[in-house]
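Given next are the chains, with one letter for each unit.
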2 protein chains.
Amino acid sequence: MALIVKKFGGSSVATPDKIKGVAERILREKQQGDQIVVVVSAMGDTTDELIDLCTAITDETHGREMDMLLSTGEQISIALLAMALKKLGHPAVSLTGYQAGIRTNENFAKARIVNMDPARVSQELNRGNIVVVAGFQGVTPGGDIATLGRGGSDTTAVALAGALQADVCEIYTDVDGVYSADPRIVTKARKMKEITYNEMLEMARLGAVVMQPRSVEMGKHYGVPIHVRSTFTQESGTFIRGEYTMEEREFIIRGVTHDNNVAKIAILGVPDHPGVAYKIFSALAAANIDVDMIVQSIRNTDKNINDILFTIAKPELNQTKSIIEQLGKEIGILGVIVEDHVAKVSVVGAGMLGSPGIAATMFGALGDAGINIEVISTSEISISCLIRADLVQQAVNAIHNRFFPEKK
Amino acid sequence: MALIVKKFGGSSVATPDKIKGVAERILREKQQGDQIVVVVSAMGDTTDELIDLCTAITDETHGREMDMLLSTGEQISIALLAMALKKLGHPAVSLTGYQAGIRTNENFAKARIVNMDPARVSQELNRGNIVVVAGFQGVTPGGDIATLGRGGSDTTAVALAGALQADVCEIYTDVDGVYSADPRIVTKARKMKEITYNEMLEMARLGAVVMQPRSVEMGKHYGVPIHVRSTFTQESGTFIRGEYTMEEREFIIRGVTHDNNVAKIAILGVPDHPGVAYKIFSALAAANIDVDMIVQSIRNTDKNINDILFTIAKPELNQTKSIIEQLGKEIGILGVIVEDHVAKVSVVGAGMLGSPGIAATMFGALGDAGINIEVISTSEISISCLIRADLVQQAVNAIHNRFFPEKK
């Protein structure tokens, strides 16, 4: 007997037939005595259709009203899934985010969960119901509906699992687990049986798109195991948890990731005196621009000038460039070079701190493939290299082959 | 400065353009200082589309889940109308039935309003907002969403107007007021400037379809004037209120109504002893069959048997017949005759009690037109006659001409 939270995304419930399929699967997997909470997203294109209605009315952004509108999408799914479960003979009840006790702040369209009060959920479970909860939404202190933004339904599921002290939170998705690299790029990528929250967070930060970092953080906070698995198969996927349950880990490196959404800015000839770097990066922070890799190198010791190189997300390139050029006039620089044909490849593994030579192995793999490294950055559990964008596939494969040699 | 509740039905908000039109009308009509609450139904076919989704999932009826599903229709409309008002520059906020404090019983799909707590509505009005409230829905004591069933949005509007002590509740509809008869049948039908709650209720009971009786009862309960008016024109419609505001009433009779949804049952040769009528009509009541006109006549004094004749709504004819036949064997009757080619024509007017001769005038009009009266029944403010169904149009016109003579 276990308490299990399952989350199904919009493509899993896109049509009435798919909803019936999800209901059948839930009942097929349910063991005697299990308590089940199901979190669902809006059906397929519903959210887009609602956005279209909004666009036909106004070009302005009204967060509160938009959330009032969008939250209907999940409300439709939960009602239909509860009906499908009842039709199959199992008692079920649907609950909105409000009814399920998901309390958020008032940051409409991207609200954060501030508190969970799942009393009604527990009550319905104890009555023998499968409880179907609307993902992506909660209620503000003022009683307004707020949506959680991107990855919101995963966050709902993990937060509920945490608050209910569930045994596991199962995230059903269109991939069957977390891979050692993107399987579309690396044909020999391997599915991981387990990965830690920190490794998953680092992989997400470095370009892996399986799980939104928010829900992984939520899982880490509550210590809830997250099971990422396929909607299409019965197989087990990947468990994300605090530590490994198996005695021996096969690989120190858990994954090779890549990120093409990178642009590089080089500021040439920056005066080398205190406070200049602060001036540059606080101006970017004020504009809400997230800076990733940063390298400062000495250009000319005689003239006391340096070069500063950093990376940002591609869509912020133009804004960044104009801020830097503006600032450059003020502090006096030699020039600005921007470059968006770059990409970042990374290796992630919680064990690399205690395993020397990981960096050397990675650089060696790239070097042997003839790929030049432009920038290097490291964290406790990752190493990243900036390379030319057109070499990404080759780089990821070269690194992956080195860390995940084929079994004999 | 006034507090006005306006209600727009589904056809008035069927498309984004129509929603924009409603928003424009609201702002055009708003006087300086007016406080406005708008109640809206679901957009055009939304409810039917939601029902189709349900039908694709299950053939069972799940009241609570169905209400969870259907209530999204109004939630979409209110969000869009609030956006449209804001886009036009006026502050607005949308509220679900729950947020607007509409408390119902747990009779899902046809819940009744048991209590109103419009504190949030008042708060938002005082902040200068136009408040857009979802019609047709409320919340049960257990925190579930319940819908109010047929005519629910009108009921929401009138109940809100009552609870807020509004100056008037305006019901925008596809007719421009309450007429002295159905204008599709009587070309000379006149629009009434005023009508009392009781007259309107009696007209609705006797076949007029302008307003659901529920919302008129609600208006009567709270003493809120209801203004029934056209979505398509700026003209004033008909005010429904407790008493007439004008010194002189032009007509004693306020309307001539007709109802084709009638069937007649005659039970022949019923033993004339106490308790027999009770047995018959309590059996029908137990089956939830609403009996309208009842006439008992003596068939044969020697044999102590009577005939009992009554009318019901057509769809209940078969069930009624089998109940009566079953019962007939038990109590011993001569036979049962059913007839569904009948219709009821009525005159309604609160003043008829003090005006003798109304009945005679009505019977005279029918007699002069050569129309035979099968059954007669009267209430304090109405007289009804059962006639042959194919003579309805002729009958209604004959009566209307007598009570509403053409102006010279």
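Quick caveat: nothing in here was measured; it's all calculated off a predicted structure. (Residues numbered from 1 in each chain as written. Chains lettered and ligands numbered in written order. Predicted model: local features only at pLDDT ≥ 70, side-chain atom pairs only at ≥ 80, totals over all residues. Heavy atoms only, no water.)

Considering the overall build of chain A
- A tally of helices and strands in chain A yields 11 helices and 18 strands.
- For chain A, the C-alpha radius of gyration of 24 Å lies close to 22 Å, the compact-globule estimate for 408 residues.
- Dimensions of chain A, computed from C-alpha atoms along their principal axes, come out at roughly 80 × 60 × 30 Å.
- Classification of the 408 residues of chain A by burial places 56% in the buried group. (Helix = DSSP H or I, 4+ residues; strand = E, 2+ residues; numbered from the N terminus. Rg over C-alpha atoms; globule rule 2.2 N^0.38 Å. Buried < 20%, exposed > 50% of the residue type's maximum accessible area, 1.4 Å probe, protein only.)

Some points on the packing of helix 3 (residues 63-87) of chain A against helix 3 (residues 63-87) of chain B
- Two elements in contact, helix 3 of chain A and helix 3 of chain B, have axes whose closest approach is 8 Å; the angle formed by their N-to-C orientations is 170°. The pairing of helix 3 of chain A with helix 3 of chain B is recorded here as roughly antiparallel in orientation.
- Within the contact of helix 3 of chain A with helix 3 of chain B, the residues separate by chemical class into 18 nonpolar, six polar and four charged. (Axes fitted to C-alpha atoms, helices over the stretch in contact; angles between N-to-C directions. Parallel < 35°, antiparallel > 145°, perpendicular 65-115°, else oblique. Nonpolar A, V, L, I, M, F, W, Y, C, P; charged D, E, K, R; others polar.)

Looking at the packing of aromatic side chains
Residue and element names in this part refer to chain A.
- Evaluation of the coordinates by the stated rule reveals five aromatic pairs over all chains.
- Note on Phe-281 and Phe-310: the rings are 5.3 Å apart at their centroids and 75° apart in plane angle, and the pair reads as edge-to-face. Here the residue Phe-281 occupies a position in helix 8 (residues 276-286), and Phe-310 occupies one in strand 15 (residues 305-312), the gap between them amounting to 29 residues. (Phe/Tyr/Trp six-rings, centres within 6.5 Å; stacked < 30°, edge-to-face > 60°.)

Section: the UniProt feature "domain: ACT" (unreviewed entry) in chain A
- Summarizing the sequence annotation, UniProt attributes the feature "domain: ACT" (unreviewed entry) to residues 265-338 and 347-408 of chain A in the numbering used throughout.
- As annotated, residues 265-338 of chain A comprises 35% helix and 35% strand, and the C-alpha atoms at either end are separated by 5 Å. (UniProt positions renumbered as here; feature names shortened; annotations may be inferred.)

Notes on helix 4 (residues 119-126) of chain A
- When we look at burial in helix 4 of chain A, the residues that qualify are Arg-120, Val-121, Glu-124 and Leu-125 of chain A. One face of helix 4 of chain A carries all of its buried residues, which in axial projection span an arc of 140°.
- Looking at the packing, one finds that the buried side of helix 4 of chain A touches strand 1 (3-8), strand 2 (35-40), strand 3 (92-95), strand 6 (130-134) and helix 5 (152-163) of chain A together with helix 3 of chain B. (Arc of directions from axis to C-beta. Contact = heavy atoms within 4.5 Å.)

Here we look at unusual backbone geometry
All names here are of chain A.
- One non-glycine residue, Asn-288, lies in positive phi territory at about 65°.
- Within the element layout of this structure, Asn-288 appears in the loop between helix 8 and strand 14 (294-300).
- Exposure remark for Asn-288: the relative accessible area of 68% places this residue in the exposed category.

Some points on the packing of helix 2 (residues 46-57) of chain A against helix 3 of chain A
All names here are of chain A.
- At a closest axis distance of 8 Å, the pairing of helix 2 and helix 3 adopts a crossing angle of 150°. Judged by the angle between their axes, helix 2 and helix 3 are roughly antiparallel. The hand of the helix 2/helix 3 crossing is right-handed. Every residue of helix 3 that contacts helix 2 at Thr-46, Thr-47, Leu-50, Ile-51 and Cys-54 is listed here: Met-66, Leu-69, Leu-70, Thr-72 and Gly-73.
- Of the residues in the contact of helix 2 with helix 3, the class split is six nonpolar, four polar and no charged. (Left-handed = near helix turned anticlockwise from the far one by under 90°.)

Digging into the interface of chain B and chain A
- In this assembly, 42 residues from chain B lie in contact with 42 residues from chain A.
- Buried surface at the junction of chain B and chain A, both sides included, amounts to about 3500 Å², of which 64% is carbon and sulfur.
- One can count four salt bridges joining chain B with chain A.
- Where Asp-59 of chain A meets Lys-87 of chain B, a salt bridge forms, and the shortest distance between an N and an O atom there is 2.6 Å.
- Connecting chain B to chain A are 19 residue pairs in polar contact (both at pLDDT 80 or more).
- Secondary structure elements with two or more residues in the side of chain B that touches chain A: helix 1 (16-29), helix 2 (46-57), helix 3 and strand 3 (92-95) of chain B.
- At 17 residues, helix 3 of chain B tops the list of elements feeding residues into the side of chain B that touches chain A.
- In terms of residue class, the side of chain B that touches chain A is made up of 23 nonpolar, 10 polar and nine charged. (Buried area = accessible area lost by both parts, 1.4 Å probe. Salt bridge = Lys/Arg side-chain N within 4 Å of Asp/Glu carboxyl O. Polar contact = N/O pair within 3.5 Å; in protein donor to acceptor, adjacent residues only side chain to side chain.)

Some remarks on the sheet that holds strand 10 (residues 194-196) of chain A
Residue and element names in this part refer to chain A.
- Read from one edge of the open sheet, eight strands run 3-6-2-1-9-11-12-10, paired in mixed fashion. The open sheet has two edge strands, strand 3 and strand 10, and neither has a second partner. Across the sheet, the mean angle separating the axes of adjacent strands is 20° when strand polarity is ignored.
- With four bridges joining them, strand 2 and strand 6 adopt parallel strand pairing. In the strand pairing of strand 6, Val-37 is matched with Val-131. (Pairing = 2+ DSSP bridges.)

Some thoughts on the environment of Ile-323 of chain A
Residues and elements named next belong to chain A.
- With respect to the element layout, Ile-323 can be found in helix 9 (residues 317-331).
- Expressed as a C-alpha distance, the spacing of Ile-323 and Leu-284, which sit 39 residues apart in the sequence, is 7.4 Å.
- The residues contacting Ile-323, other than those within four sequence positions of it, are Ala-283, Leu-284, Ala-287 and Ile-289.

What about the domain arrangement of chain A?
- Under the domain assignment used here, chain A contains domain 1 (3-173) and domain 2 (256-403).
- Computed over C-alpha atoms only, the centres of domain 1 of chain A and domain 2 of chain A are separated by 39 Å. (Domains from an automatic or database assignment.)

Quick look at the side chain of Glu-170 of chain A
Residues and elements named next belong to chain A.
- Among the structural elements, Glu-170 can be located in strand 9 (residues 168-173).
- Residue classification places Glu-170 among the buried positions, given a relative accessible area of 8%.
- Here the side chain of Glu-170 touches Arg-229 through a polar contact of 3.2 Å, side chain to side chain.
- With residues near it in sequence (within four places) discarded, Glu-170 still touches Ile-4, Val-5, Lys-6, Lys-7, Glu-29, His-227 and Arg-229.

Let's talk about the sheet that holds strand 3 of chain B
All names here are of chain B.
- As summarised here, the arrangement of the eight strands in space is 3-6-2-1-9-11-12-10, forming an open sheet in which the pairing is mixed. Two strands close off the open sheet at either side, each with one partner strand: strand 3 and strand 10 (194-196). On average, adjacent strands in this sheet sit at an angle of 20° to one another, irrespective of strand direction.
- Two strands pair when backbone bridges link them, and strand 1 (residues 3-8) and strand 9 (residues 168-173) are joined in this way by five bridges, in the parallel orientation. Across the sheet, the residue bridging to Phe-8 is Tyr-172, located in strand 9.
- On the sheet, helix 1 packs against strand 1, strand 2 (35-40), strand 6 (130-134), strand 9 and strand 11 (226-230) and is oriented at approximately 160° with respect to strand 1.
- In the packing of helix 6 (residues 197-205) onto the sheet, contacts are made with strand 10, strand 11 and strand 12 (238-241), and the angle to strand 10 comes to roughly 80°.

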